[in-house]
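# Observations on the three-dimensional arrangement
Now for the letters of each chain:
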Amino acid sequence: MKFSLKTLAAAAVMVVAASGANAAIDAGATGNGELFFNVWDASGSYTRDLNITINSFEALVAAGGSLDLSFTQNATFATFLAGADLATLKWNVVAADAVNPLRILTTYTAPEVAPLKDSVTKAASTSVRNFASEVNKVIGGNDSVAVTSGSAAYAGANGVFGVKLGDILNFETTGSLANNSFASGLGFMRIDAKTTGTAASAYNEYMDGTSVVNVYLDSSKTLHIAAAAVPEPESYAMLLAGLGMIGFMAGRRNKRA
């Protein structure tokens, strides 16, 4: 029953996300910001509102069953990729809010670093929310937008957003197209800042039960936020072919006997 409830909850979330009901990114000024996805090269960037709040995401993680959220590429992403330098492409998924305990959700490549002071974490949150505000100025009635590097909504500007959220974090948040499977995916974590002083923020890797939550872009450029590897269609085909071969060999042995 828990698995069914989680599956239904995830399906409901994905329907809302696919509908683009809330085009503008909720940057969490009053708490509970939304997750958004960013991809960029030196010439431009693409940003998509995933339409999933921090609270909704955490409810899915806490429910029974295995987490698997996926977002297929839309027309804006396909057009951006067609003109992008795929060899240098960077991407991340983030969310933030501004209410204690202030939260930043982010992909990461180096979770072992020492936690930042709360005052620094708050500055990183401000960078995320300011960037989301710039995206909201150009996203219009859509749930995604592509811009050139000269735009204030360009995700690759390191002093504004970029790989370390305004050059503030002490680790990189980004992956590349090489992060194309659960095994090679980025980790996903939440940073909590509970004060405005010098206390260390809390770094917590997202876990679904005993499984880590990873984020990756598969070969079809579908974004996954998942707690276990989801077999590709080719994997199912290979499995079925293998089972068929086993059955064939078993049949031959029975005939010989």
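None of these values were measured; they are calculated from a predicted model.

What counts, and where the lines are drawn
- Residues numbered from 1 in each chain as written.
- Predicted model: local features only at pLDDT ≥ 70, side-chain atom pairs only at ≥ 80, totals over all residues.
- Heavy atoms only, no water.
- pLDDT = per-residue confidence, 0-100.
- Contact = heavy atoms within 4.5 Å.
- Salt bridge = Lys/Arg side-chain N within 4 Å of Asp/Glu carboxyl O.
- Helix = DSSP H or I, 4+ residues; strand = E, 2+ residues; numbered from the N terminus.
- Buried < 20%, exposed > 50% of the residue type's maximum accessible area, 1.4 Å probe, protein only.

Here the focus is the confidence of the model for the protein chain. Of all residues in the protein chain, 80% have pLDDT values of 70 or greater, and the mean over the chain is 86. Overall, residues 1-5 carries pLDDT values under 50, and its contacts beyond four positions in sequence, including any with other chains, amount to four contacts.

A few words now on the pattern of salt bridges. Two side chains that carry opposite charge are able to pair once their charged atoms sit near each other. Here the structure, examined in full by the defined rule, presents five salt bridges. With its nearest N and O atoms 2.7 Å apart, the salt bridge here joins R190 to E58. Remark: E58 occurs in helix α2 (residues 54-62) and R190 occurs in strand β7 (residues 186-193); sequence separation between them is 132 residues. Residues R190 and E58 agree in their burial class; the two are buried. D97 is the partner of R103 in a salt bridge, and the nearest nitrogen-oxygen pair spans 2.8 Å. Residue classification places R103 among the buried residues on the basis of a relative accessible area of 11%. Its relative accessible area of 1% is what places D97 among the buried residues. By sharing partners, the salt bridges in this structure join E58, D97, R103, R190 and D192 into a single network.

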